[in-house]
Amino acid sequence: FCFTLEVPRVAFLESIARFPSQRTHFEHCADWAIGGAEVKRWSILEESPAELVLLLNMYSECRLFQPGDLSLVAPDIGASALLLLQGQASCFTAAGNFLSELSPGECLNEQVLAGLESSGEYMLPLTTCEVRVIAKAVWDKVLAEFPSKHEDVLLRRIAKSIAHKAMNR
């Protein structure tokens, strides 16, 4: 039996300020969650604030896909960045031409997070894959919690990642 409770961020931070003895407990929980945070493996988020990574993990969706599952081509998923967490997958162009093999920690379609259109490339699982689906709306919601300097750094890293992929294809 499990339940969830949503507490507004401001109220939570005010409560922690009023009860400092509990802060250590919550910091330990956050460190554990962030330490196991699968998004942390994404090189674009290296050196990002731990809270940003935690929020991205909390708000984005994690899905399992079986080998050969074509649902990763669906428009709602295709308009999101796809971070491969576990398993092996192939990357194809919109026309169905093979591009590359993907390994855990690699992302597809990250340009949508920078406000660019999807290339139409898609992922086809070769093994059972765990994929973090990061919609632009989720990305924007998380980044709104942080100073714009973080967004600038992340957008530069996304641009660098896109350029690196283009050079290697």
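Note that the structure is predicted; figures quoted are calculated from it, not measured.

Let's talk about the overall build of the protein
Item 1. Each helix and strand in the protein was counted, giving six helices and seven strands.
Item 2. When the helices and strands of the protein are listed from N to C terminus, the series reads α-α-α-β-α-β-β-β-β-β-β-α-α.
Item 3. Taking all 169 residues of the protein together, the buried fraction comes to 34%.
Item 4. Looking at the protein as shown, the accessible area adds up to about 10,100 Å², and 59% of this sits on carbon and sulfur atoms.

Some points on the sheet that holds strand β3 (residues 89-92)
Item 1. In spatial order, the strands read β4-β3-β6; together these three strands make up an open sheet with antiparallel pairing. Each edge of the sheet is formed by a strand with only one pairing partner; in this case those strands are β4 (98-102) and β6 (122-125). Across this sheet, the average inter-strand angle for adjacent strands is 30°, counted without regard to direction.
Item 2. With four bridges joining them, β3 and β4 adopt antiparallel strand pairing. Bridge assignment links Phe 92 to a residue of β4, and that residue is Phe 98.

Re helix α3 (residues 50-59)
Think of an α-helix as 3.6 residues a turn; residues three or four steps apart then line up on the same face.
Item 1. Along α3, the residues classified as buried are Leu 52, Val 53, Leu 55, Leu 56 and Asn 57.
Item 2. Check the buried side of α3 and you find it contacts α1 (9-18), β7 (129-134), α5 (136-143) and α6 (148-168).

Description of the sheet that holds β7
Item 1. One open sheet accounts for four strands, arranged β1-β7-β2-β5; its pairing is antiparallel. The open sheet is flanked by β1 (61-65) and β5 (107-108), the only strands paired with a single partner.
Item 2. In this structure, strand β2 (residues 81-86) lies alongside β7, joined through five bridges in antiparallel fashion. Within β7, the position partnered with Leu 84 by the bridge is Val 131.

Some remarks on the environment of Leu 45
Item 1. Looking at the element boundaries, Leu 45 is found in the loop between α2 (20-35) and α3.
Item 2. Placed 108 residues apart in sequence, Leu 45 and Val 153 show a C-alpha to C-alpha distance of 9.4 Å.

Regarding a nonpolar patch on the surface
Item 1. Together, Leu 5, Val 7, Phe 12 and Leu 13 line one region of the surface with nonpolar side chains, adding up to about 370 Å² of accessible area.
Item 2. Following the sequence through the fold, Phe 12 ends up in helix α1.

Thoughts on the packing of aromatic side chains
Item 1. Inspection of every chain in the model, using the stated rule, returns three aromatic pairs.
Item 2. Ring geometry for Phe 92 versus Tyr 122: centroids 5.5 Å apart, planes at 20°, classification stacked. Of this pair, Phe 92 sits in strand β3 while Tyr 122 sits in strand β6; the two residues are 30 residues apart in sequence, bridging distant segments of the chain. Comparing Phe 92 with Tyr 122, the two get one shared label, buried.

Here is what the cut-offs are and how they apply
Starting from 1, residues in each chain are numbered consecutively following that chain's sequence as written. Under the rules for a predicted model, residues below a pLDDT of 70 receive no local features and side-chain atom pairs below 80 are neither given nor counted, while totals for whole chains, interfaces and linings still include all residues. Heavy atoms throughout the structure, all of them, feed into the side-chain values; hydrogens and water do not. Each helix corresponds to a stretch of at least 4 residues labelled H or I by DSSP, and each strand to a stretch of at least 2 residues labelled E; elements are numbered beginning at the N terminus. The cut-offs for exposure are 20% and 50% of the maximum accessible area for each residue type, with area from a 1.4 Å probe on protein chains only; residues under the lower value are buried, those over the upper are exposed, and the others partly exposed. Surface exposure here means Shrake-Rupley accessible area, sampled with a 1.4 Å probe, where a residue is shielded only by the protein chains that are shown. If DSSP finds at least two bridges between two strands, the strands pair. Interaxial angles span 0 to 180 degrees and are taken between N-to-C directions of axes, which are lines fitted to C-alpha atoms, for helices over the stretch in contact. Throughout, a contact is declared for two residues whenever any of their heavy atoms are within 4.5 Å. Patch definition: residues with relative accessible area over 30% and no salt bridge; like charges joined within 9 Å; nonpolar side chains (Val, Leu, Ile, Met, Phe, Trp, Tyr) joined within 5 Å. Note on definitions: salt bridges are taken to be side-chain nitrogens of Lys or Arg within 4 Å of carboxyl oxygens of Asp or Glu. Any pair of Phe, Tyr and Trp rings, taking the six-membered ring for Trp, is counted once the centres come within 6.5 Å. Such a pair is stacked with planes under 30 degrees apart, edge-to-face with planes over 60 apart, and tilted for the rest.

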